[in-house]
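As a plain string of letters, each chain reads:
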Amino acid sequence: MKTLSLDKSLTNHVRLSKEYLANDDAVKQVVKELASEIQTLSMSGCYWLSGATIDQLTRCKGLVKLDLSGCRLTSVRLSKILSSLRGLRSLAIDISAGFDSNQLSRESKATLSKISELKQTLYTPSYGVVPCCTNLERLLLYFEIYDLTREGATICCQLMVGQSSIPHYQNLQVFYARLAPGEVNQTLVNLYLAVFSVHVPERLHVFIISIPGNNPGHWPAAKNLLDGIARNGALEALQLPKTWLDQSSLQRILKHSAPSHLNFSRCSVFGSQLIHSILNGVMDLRQLVSLNLSGCIQGLYLDCTWKADEHIDSHVMESLASACPNIRHLNLSAAHYHSTPGSEEHLCAVLTRFKSLRSLALPVCAVSDGVKNPEYAARGSTAPISSSLMLGLRKGTRVGLQTYKVNSDLRDEQTSSSFRALLEGNPFLEEIELIGSNFSSAMPRYEPAIRKEQAACSWAGHIGDSEVAALGALGFLRRLTLAQLPGIVKGTGLVEVAMKCRDLQVLSLANLGLLKNTTYMPALIEALPYCKQLKDLRLEQPYINANARFFQALSQCSSLRRLCLISRNGTFQADAVTAFMASCRDVIMCHMFMGGSLVACRNLQKALQDSFAAERPALSVVIYPLLHEDLALVIREMPLLHLDEITLFRSRVAEDPPRLWW
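Computed from a predicted structure; not experimentally measured.

Participant: Would you mind going over the nonpolar core with me for this structure?
Facilitator: General note: in soluble globular proteins, nonpolar side chains tend to be found buried as a group. In this structure, Met 43, Phe 175 and Phe 550 are the most contacted members of the largest nonpolar core, which totals 196 residues. Every residue in contact with Met 43, bar those within four places of it in the chain, is listed here: Leu 16, Ser 17, Val 27, Leu 49, Ile 54, Leu 57, Asp 67, Leu 68, Ser 69 and Cys 71. Counting 10 residues, the second-largest nonpolar core is a separate cluster that includes Ala 92, Leu 140, Tyr 142 and Ala 237.

Participant: How should I be thinking about the confidence of the model for the chain in this particular structure?
Facilitator: Detailed reading of the predicted coordinates is not advisable wherever pLDDT falls low. Per-residue pLDDT for the chain has a mean of 87; in total, 87% of the residues score no lower than 70. Counting contacts from residues 299–312, a segment whose pLDDT is below 50, to residues more than four positions away or on other chains yields 43 contacts.

Participant: So what exactly am I meant to see when it comes to the layout of surface pockets here?
Facilitator: Over the atoms, a rolled probe matching the size of one water molecule traces out where space is still vacant. Here the second largest pocket is characterised by a volume of approximately 1,600 Å³. Broken down by class, the residue content of the lining of the second largest pocket amounts to 14 nonpolar, 22 polar and 10 charged.

Participant: What should I look at first to understand the pairing of strand 6 (residues 138–143) in this one?
Facilitator: The side chains of a regular strand alternate between the sheet's two faces. Here strand 6 lies mainly inside the structure; 5 of its 6 residues are buried. In this structure, strand 5 (residues 117–122) lies alongside strand 6, joined through 6 bridges in parallel fashion. Residue pairing for strand 6: Leu 118 is matched across the bridge by Leu 139.

Participant: It is not clear to me how empty space enclosed by the protein should be interpreted in this structure. Could you clarify?
Facilitator: Tallied over the full model, the rule gives 4 cavities of 30 Å³ or more. Estimates place the volume of the largest cavity at around 80 Å³. Lining the largest cavity we find Ile 209, Ser 210, Ile 211, Gly 213, Pro 216, Gln 239, Leu 240, Pro 241, Lys 242, Ser 265, Arg 266 and Cys 267.

Participant: When you look at the environment of Val 316 in this model, what are you seeing that I'm missing?
Facilitator: Structurally, the position occupied by Val 316 is in helix 11 (residues 314–323). A sequence separation of 40 residues divides Val 316 from His 276, and the C-alpha atoms of the two residues are 7.7 Å apart. Contacts of Val 316, omitting those with residues within four sequence positions, involve Ile 275, His 276 and Leu 279.

Participant: What's the story with helix 16 (residues 493–500) in this structure? I'm lost.
Facilitator: Note on helix geometry: an α-helix contains 3.6 residues per turn, so any two residues three or four positions apart are oriented the same way. The element helix 16 is largely enclosed, with a buried count of 6 among its 8 residues. Every buried residue of helix 16 is listed here: Gly 493, Leu 494, Val 495, Glu 496, Val 497 and Ala 498.

Participant: Even after reading the chapter, I still don't get the packing of helix 8 (residues 222–232) against helix 9 (residues 247–255), so can you show me in this structure?
Facilitator: In a packed pair of helices, the relevant descriptors are the angle between the two axes and the axis-to-axis distance. Where helix 8 contacts helix 9, the two axes come as close as 7 Å, and the packing angle between them is 25°. Taken together, helix 8 and helix 9 sit at an angle that is classed as roughly parallel. Here the hand of the crossing between helix 8 and helix 9 comes out left-handed. Contact residues: helix 8 offers Leu 226, Asp 227, Ile 229 and Ala 230, while helix 9 offers Ser 249, Arg 252 and Ile 253. Each residue belonging to the contact of helix 8 with helix 9 can be placed in one class, and the counts come to 4 nonpolar, 1 polar and 2 charged.

Participant: Where do I start with the pattern of salt bridges in this structure?
Facilitator: Where side chains of opposite charge bring their charged atoms close, a pairing between them can arise. The tally for this structure, following the rule as stated, stands at 22 salt bridges. Across the pair Arg 178 and Asp 644 runs a salt bridge, and its minimum N-O distance is 2.8 Å. Of this pair, Arg 178 sits in strand 7 (residues 174–179) while Asp 644 sits in helix 22 (residues 640–647), placing them 466 residues apart in sequence. You can call Arg 178 buried: its relative accessible area is 13%. When its relative accessible area of 18% is taken as the criterion, Asp 644 is described as buried. For Asp 536, the salt bridge is made with Arg 562, and the minimal N-O distance between the two is 2.8 Å. Residue Asp 536 is located in strand 17 (residues 536–540), and its partner Arg 562 is located in strand 19 (residues 562–566); the two are separated by 26 residues in the primary sequence. Taken together, the shared-partner salt bridges connect Lys 18, Asp 536, Arg 562 and Glu 645 into one network.

Participant: Looking at this model, I keep getting lost on the pairing of strand 19. Mind explaining?
Facilitator: Within strand 19, 5 of the 5 residues are buried, leaving the element largely enclosed by the surrounding structure. With burial as the criterion, each face of strand 19 is covered, one bearing Arg 562, Cys 564 and Ile 566 and the other bearing Leu 563 and Leu 565. The sheet contact formed by strand 17 and strand 19 spans 5 bridges and is parallel. Across the sheet, Arg 538 pairs through a bridge with Cys 564, a residue of strand 19. Both strand 19 and strand 21 (residues 589–594) contribute to a ladder of 5 bridges, which runs parallel. Bridge pairing in strand 21 places Cys 564 opposite His 591.

What counts and what doesn't
Residues numbered from 1 in each chain as written. Predicted model: local features only at pLDDT ≥ 70, side-chain atom pairs only at ≥ 80, totals over all residues. Heavy atoms only, no water. Core = buried A, V, L, I, M, F, W, Y, C linked by side-chain atoms within 4.5 Å. Buried < 20%, exposed > 50% of the residue type's maximum accessible area, 1.4 Å probe, protein only. Contact = heavy atoms within 4.5 Å. pLDDT = per-residue confidence, 0-100. 1 Å grid on protein atoms, 1.4 Å probe; cavity = no way out; pocket = protein on both sides within 12 Å on 5 of 7 lines; lining within 4 Å. Points joined across faces, edges and corners; volume = space filled by probe spheres on them. Nonpolar A, V, L, I, M, F, W, Y, C, P; charged D, E, K, R; others polar. Helix = DSSP H or I, 4+ residues; strand = E, 2+ residues; numbered from the N terminus. Pairing = 2+ DSSP bridges. Axes fitted to C-alpha atoms, helices over the stretch in contact; angles between N-to-C directions. Parallel < 35°, antiparallel > 145°, perpendicular 65-115°, else oblique. Left-handed = near helix turned anticlockwise from the far one by under 90°. Salt bridge = Lys/Arg side-chain N within 4 Å of Asp/Glu carboxyl O.

As structure tokens, this is what we get:
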């Protein structure tokens, strides 16, 4: 212990990100004591720290890497910090309204000229500090600009055209751009990409552009860019909008590459030919560890009982498993996978051959064994469930729905044998997502809240409590997402997961079972006290009754930090919320978008802020009616850290390359 206490190398790298209880005084003290020793400092997402605290970083003369994304930063403050950090080589910052590069001093620009790694989050149209960084090797851009101001005026990018400086990409090896929805963001990224239409850096080996939605638009110079990437070869990671890609360009790019990450999310234009292109085009697939095929193959079936736009058999997935033995992160969500007993090998059986899997995203229907009841099959199983609201309302025999008792011995036929085989074959899974093919969150980012859920796939109705209980076999599970499982009856499988998956840290549940009657709520209340490591809970379901029993159970999650409840026509008990926040002193985020009046929501939000803000510097409380017309204005004021990680729903498996940023 004495040796460790004197080892200064242990304080060379300091991470304050998500240290929600670190107030201004504590951070100032850390900087004061360790200023001469810190080489790497991450304050990413520390939105609660004051500008005066950020100013103290000028003491840390030896800093080589600094992450200030999400912090309060002006161009003047940034100039002072950079002027003091002559040895800085890696920087992450936000560019907000009012940023002016002309306020950067000569010394700060000299520091920027030596920066090799830059992560820049844009809240206003600007090049930020990119033109000053003449030796960039790694550039990460996050576009978070709204199309309209708070007053309703249109935001445009005309100011950028007049700037004389252009980005310097000569030495660039990594280019990453992730866009929030909006035309301004798409226009802006095209300006950043303009240099690529003339010259593609020879050492570029990671090129990722993530544009949300099904119509990302077309960039006129896309062909020149793809030709340049193909000439360079040796690509390690790739993601492009579907409108930029064509079959021949993709084959040329992959021909001489040994990629570690490929993301073809929403590239449905290729159909089954996409996997063939990967198998036949990539020089070496043994390096591939992350593959995202979410929504890229619509109508993907393992039998021919349905008339589909595209057909793929299990032999293609078998070939993929054989060629990519080291895949750790695989996303096959947002599609349909159907297999009938006696036909080709089930998809779940094929997935057991990916022995290195650690995170997996699947559509719910993919883990079903198919129709087990002849009477049900005779009625036709190809149509979607007309309304998941009607499931389980009949008093007669419930077709395709299972009942389950915790700790009881289940017969093999009660649980999907294919799903059970998948879990047994991949016991080291740390993250799993089961998301209904037709699921969409009731809370999109900019549009009004969705008032009507889309019907679930009929095959998803065969996945119920016993399948969820089978997840308890994953002893290393840390992140679990279950969305649009209409076959859930009592939710008792959640208790089994909570009791056995003791390392579970993130739990996201959405639209389980009956939508107008949350029948799984008693089981969830029973399960929560077992979740001692749970840090984040996201619950989305119409007609939730967040009463005292729910919050009392939730208060026993001793590690809980963030809570998000989204419920159309849901109700909450204000005094129960207050008592919960009082008993759980580490909870720093409480976002509730439910029913109730605007006055009731504002009163509770103000009461929580007044009561707990002083002792919890990072406290973020947002309580607002889900269906209110001004919801989008409220969302834009929320810390991006919470909005991006928990409040907004999306599949996260194989979303980005591993180790994208330090």
